[in-house]
Each structure stands twice: as structure tokens, then as C-alpha cells.
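Observations on the three-dimensional arrangement
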Amino acid sequence: MPVSHPNGDGSLSVLTTLPERPSLSAHRDDLGDWCGLDLDPALAGLAVDRAEPLSVAVRFSDGDEWHPPVARMTGFGYAWHPDLPLLAGLAYGPGGLHPWIADCAARTVMELPGIRIAASLTTFGNAGCAPLCWLDRDRLLVLCPEIREETEAAAGTEPLVYDAAGPGYVSFEPGIEALQAAAGARLFELDLTSGTGRLLLPDSLLVRHIERGTDGSVLVDHVSGLRPSTRAGTGAQRLAWAVGRLTEAGLETLEDSAALRPPRPRPIRPLRTPRAGSVDEVVTIPTGFHDAVLTVSPPGDVDATVLWLRATSGPLRAELPGPNGFVGADSRQAVLDLPLHWPGDVTLEQVHGQLERAIGASLEHLGDRVVVGGHSFGATLALYALAHFPALAAGIAQSGCYNRTRVCGGFQYEKRPYWAVPEIYHAFSALLFADRIRRPVLIAHGLDDANPATHPDQAVEFYQGLVAAGGEARLALFPCEGHTFRYRETHDRLQEIQTAWLANVLERTPALR
């Protein structure tokens, strides 16, 4: 999976070839956590959510390539000099990250293993910004970790006492001080000639991006505090951001900082390789709000379809396949994007009507022997469909919440608490209608799922409940995996499990038409 990072005028680019998915051998047990963000002590910042690159090459305008001789390069953090053919990058070393400088014209590299770099929050968003930028020919602005003294841990014998007054969501998430201690970084000016540094600010910051403007000023995008999450029922904290201009007096906060903030990097995702000569079919389905979009791949060797459900906030053209690489090696694949209209006073009848129209029209189009599936809230929708459409052959539920009464402060689009609309909570709690699910269900979940609404015990509880109600289920729990499955071996094993399970289900499900 190649990713290109060009310089300012496009005459040079650094081409990074990444594996589609990291291996389980890259899993780390020493990562910390802050409100769902993985913290890597070796990087003094957020963990990098992808494998080390397979190769890194500088590509010239004539098509020639040069591979800088640097061991263990990272796949993020490149910074081009605005005027010169100079490239700064990062490499892994025994003490963490350190910088390297490449003169692409001379094809020489200088490594600085004695300078430790802090990633801070620059990997936020998965694509990865650079924790360094050029000031001039011989000077770099870099993020360095704050040096802290090791202290002996407390014995931990004191009771934990909490107070709360509602209405509200009780959250036991750590404060921003914990994030600051793990990922705080200080701004240093690094002289490449002498190898010495000069501290530019006395305090450490949580930095997402640093950039030198065209006027020579340096802008720093950093955390200014916390704000409550807008996602119902999670109680999660969200970071508030501000952009400041670095001056001799300190960091001057800009009033119109939102307009100056660099765009958030888009996640790098593996792309589907289409079958030769294949063209996906796209069908729009009116729902009374935005149209739902059904995207269908050409038929496979088996007359069956895996229909993946995804809730969206507006019109969206689906891309196949869905999250976590759902099965379909010998079947047709389809994704139904559902733009649910869920205002603050919506009733269960209104939501049910939208689902009934969209899913019903999809099944009419797809025919018989359809297996419905989904990830996260899509898993809830898949099980809801399984209980309301008897023609469905089976269901796949990945990383779902199956008892909404455990997130009684709201969920997904529903902002009202459980006691205001218990019927909606019950309708979207698969555990409570498990007795109405009469088709086999495959439940897959990561054992390290940190989403407060989808703890892995939800999967175990639903599995137990479905079997107790007379249903048939297979439960697959994956070590080292979170809410969305990451590792190559997991995806391979998941496809094996799903393929074998699907073949068994379809063998017992005759065509109805």
C-alpha cells in the first residue's frame, strides 16, 4: 500500500510502502490508555496505528528513486524543507524516536540518534503529522519529551470515593493530567550544525501539528482543554484545540484559530481489489429522509449474499467490503448505508418504518439466502433485521452493544435517557429480543475493546442469552484486538471462521425462490 508525500513544488516525493495490516507480532502490551487513545511510552505520545513501512524511497521528477540508508524508519513524520531538497524523517531507536536528515540532491543522510523526539499527539487521526518542521537550512523545530523523575508508586490501599449528581453520565475516565504526563512535549530549536538545542517554551504542550507559515512564523496546533463529548451515552471526554503563533514572548493564541487549523489527516485504510471487469451495482432506496444506498458486488460462485448494514448521518456511496473485512469470498457482497432520521422526539414507530422500508427493499432486490451483518451499531441493526425479517438466512454481529440498558444515558443517535423512552432502548437491545432470533448468529469481538458501550462481556452475555432462548450461535473472541480489528492474522482467521460458518449455514438454508 504505497503512500506519497510530495514536497512543496512536486519535484520530489517520499514514497512509503506500508503493509495492508500489521502483524500480531507487532502487538504491544505496554501501551497505556487515555479515553480510548493508545499511549506509547516509547514515542512519548499516541501509538501509531499501523505497521512499520516495508520500504521508503525518495522519488525524483525523472522517475528515479533513492532509498535513504536509515534502519527502522517510521511511516509518518516526514517534513520537507520549503525551498531546498532536504527531507527530515523519524526512525525508531533504543530510546524512542530520533530524527534523520536527507540531502536528496547529494543523496546523503545524517542521523541524530542522540536527539529523542516526542510524537505527542501528532499521530492523531492515523495518517500522522510531523513532530518537527524546518526553520531554515540548518535549524529544525522539534518536539522533545519532558524529562521526569521516576517516583515510587503508592501502595494503593486507600479507598476510592466518588460523588455525582445527575442527570448525567458517570464516567471514570482519567483527567487531562494523565495525558499530559504521557504525551506532553516541549518545543525545541535544534541546530543541525552543532547538534545543540534551545528550549523555546518553558511549559510542555499536547501538540497535534506544527507548521512554519509563509511569513516565517510558526503555528502550533495544541490542546487547550477538555470539552464534553457530543456522542450520546459515552460520557467520553473530547479534546479542545487551539492554534497559537510562536513568539519570543511565548505562544500567542490566535482568535480565528479554527480557520488556521490544518486539516485533520485522513486515516489510511486498505483498499478492496476489485474483481477483473467487475462493476458494483448501486441502488437508491427512498426512506422519506435521505435516500438509502445499496451497493452490490457482482455475483460470486454461490447464490448467496452477505448484506452489511451501516448507519450514516447523510447520503453516502458505500465502498466494499465493510469494516473488519467481512466474509464474501464465495458470495455476493452488499452494503446498505442507512441515513436514519432520528430527531430528538422520534418514536419507535418512525424509526422502525425507516428500517423496514430500506431493509425490505434491499431484500426484495437481493433475493433469497441473504446473511445480514454489521459492525458496532451496524451489529445492532443486523440483529434487529434478523428479528423482523424471517427470510434472512443468518446474522453476523461484530463489536456490538447488545443490551442498551447498560448505557442508559443515551446511545448512537438517541440522546434521551432510558427512562424517557424505554421502548427504544428495548427495541435495540438484542439480548431482550433474543427469543425472536431463529437463525444462526456469528458473534465476533475483540477482547481489548475499550469502547464503553461495547465491552467484550456484552458479546459473551448475548451469546449466553441467545442460546438460553433456543437460538444457535458461534462466538469468536480475538485477543489483542480493540473495537475495530487491526492485525493481519486476525483478519485472516476471521475470514476463515466466517467462510466455514457461512458455508455450513447456507448448506442448511435452501433457496426460497
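Small disclaimer: the values here were computed from a predicted structure and weren't measured.

**A closer look at the overall build of the protein**
From N to C terminus, the protein includes 7 helices and 27 strands. Going through the 513 residues of the protein one by one, you find that 51% of them count as buried. The contacts in the protein between residues at least 6 apart in sequence include a share of 63% that link residues at least 24 apart. Total accessible area computed for the protein in this model is approximately 24,300 Å², and 52% of it derives from carbon and sulfur atoms.

**Details of the sheet that holds strand S27 (residues 473-478)**
As summarised here, the arrangement of the 8 strands in space is S20-S21-S23-S22-S24-S25-S26-S27, forming an open sheet in which the pairing is mixed. Among the strands making up the open sheet, the edge pair consists of strand S20 (281-285) and S27. This sheet shows a mean twist of 15° between the axes of neighbouring strands, independent of strand direction. Bridging between S20 and strand S21 (residues 292-296) involves 5 bridges; their strand directions are antiparallel. Bridge assignment links Thr-284 to a residue of S21, and that residue is Val-293. With respect to the sheet, helix H4 (residues 377-388) is in contact with strand S22 (305-312), strand S23 (332-339), strand S24 (370-375), strand S25 (394-398) and strand S26 (441-446), its orientation differing from that of S24 by roughly 150°.

**Remarks on the side chain of Asp-337**
Within the secondary structure, Asp-337 sits in strand S23. In terms of polar contacts, Asp-337 uses its side chain to reach the side chain of Arg-310, at 3.0 Å.

**Description of the nonpolar core**
Counting residues in hydrophobic clusters, the biggest one holds 54 residues, and the most contacted among them are Leu-336, Leu-383, Phe-428 and Phe-462. Apart from residues no more than four positions distant in its own chain, Phe-462 is found in contact with Leu-383, Tyr-402, Ala-430, Leu-431, Ala-434, Ile-437, Val-441 and Ile-443. One finds Leu-43, Ala-79, Ala-88 and Leu-192 within the second-largest nonpolar core, a separate group that totals 23 residues.

**Some points on the pairing of strand S12 (residues 132-136)**
The element S12 is extensively covered by neighbouring structure, given that 4 of its 5 residues are classed as buried. The pairing of S12 with strand S13 (residues 139-145) spans 4 bridges and is classified as antiparallel. By the bridge assignment for S13, Asp-136 is matched with Arg-139. What sits between S12 and S13 in their antiparallel hairpin is a turn of 2 residues.

**Quick look at unusual backbone geometry**
Positive phi, normally seen in glycine, also occurs at Ser-120, with a value near 50°. Here Ser-120 is to be found in the loop between strand S11 (108-111) and S12. The exposure class assigned to Ser-120 is buried, which follows from its relative accessible area of 0%. A positive phi angle, close to 45°, is found at Gln-412, a residue other than glycine. Looking at the secondary structure, you find Gln-412 in the loop between S25 and helix H5 (422-427).

**Looking at the confidence of the model for the protein**
As a general rule, the predicted coordinates of low-pLDDT regions are not to be interpreted in detail. In the predicted model, the protein carries a mean pLDDT of 84, and 85% of its residues have values of at least 70. Note on residues 316-325: pLDDT under 50 across the span, and 40 contacts to partners over four residues away in sequence or across chains.

**Comments concerning the sheet that holds strand S15 (residues 197-199)**
Overall, antiparallel pairing links the 4 strands, which are arranged S12-S13-S14-S15 in an open sheet. The open sheet has two free edges, formed respectively by S12 and S15, since each of these has just one partner strand. This sheet shows a mean twist of 35° between the axes of neighbouring strands, independent of strand direction. Sheet topology places S13 next to strand S14 (residues 185-191); 7 bridges connect them, and they run antiparallel. Its bridge partner being in S14, Cys-144 is matched across the sheet by Arg-186.

**Things to note about the packing of aromatic side chains**
All chains considered together, the criterion is met by 13 aromatic pairs. Considering the side-chain rings of Tyr-384 and Phe-428, the 5.0 Å spacing of their centres and the 10° angle between planes classify their relative orientation as stacked. In this pair, Tyr-384 is assigned in helix H4 and Phe-428 in the loop between H5 and S26, connecting sequence segments 44 residues apart. By the burial criterion, Tyr-384 is buried, and Phe-428 matches it. Judged by centre distance (5.3 Å) and plane angle (50°), the ring pair of Phe-478 and Phe-485 falls under tilted. Side by side, Phe-478 and Phe-485 carry an identical accessibility label, which is buried. Among the aromatic residues, ring-to-ring pairing joins Trp-342, Phe-377, Tyr-384, Phe-411, Tyr-413, Tyr-418, Trp-419, Tyr-425 and Phe-428 into one connected group.

Reading guide: rules and limits
Residues numbered from 1 in each chain as written. Predicted model: local features only at pLDDT ≥ 70, side-chain atom pairs only at ≥ 80, totals over all residues. Heavy atoms only, no water. Helix = DSSP H or I, 4+ residues; strand = E, 2+ residues; numbered from the N terminus. Buried < 20%, exposed > 50% of the residue type's maximum accessible area, 1.4 Å probe, protein only. Contact = heavy atoms within 4.5 Å. Areas by Shrake-Rupley, 256 points an atom, 1.4 Å probe, with all protein chains shown as cover. Pairing = 2+ DSSP bridges. Axes fitted to C-alpha atoms, helices over the stretch in contact; angles between N-to-C directions. Polar contact = N/O pair within 3.5 Å; in protein donor to acceptor, adjacent residues only side chain to side chain. Core = buried A, V, L, I, M, F, W, Y, C linked by side-chain atoms within 4.5 Å. pLDDT = per-residue confidence, 0-100. Phe/Tyr/Trp six-rings, centres within 6.5 Å; stacked < 30°, edge-to-face > 60°.

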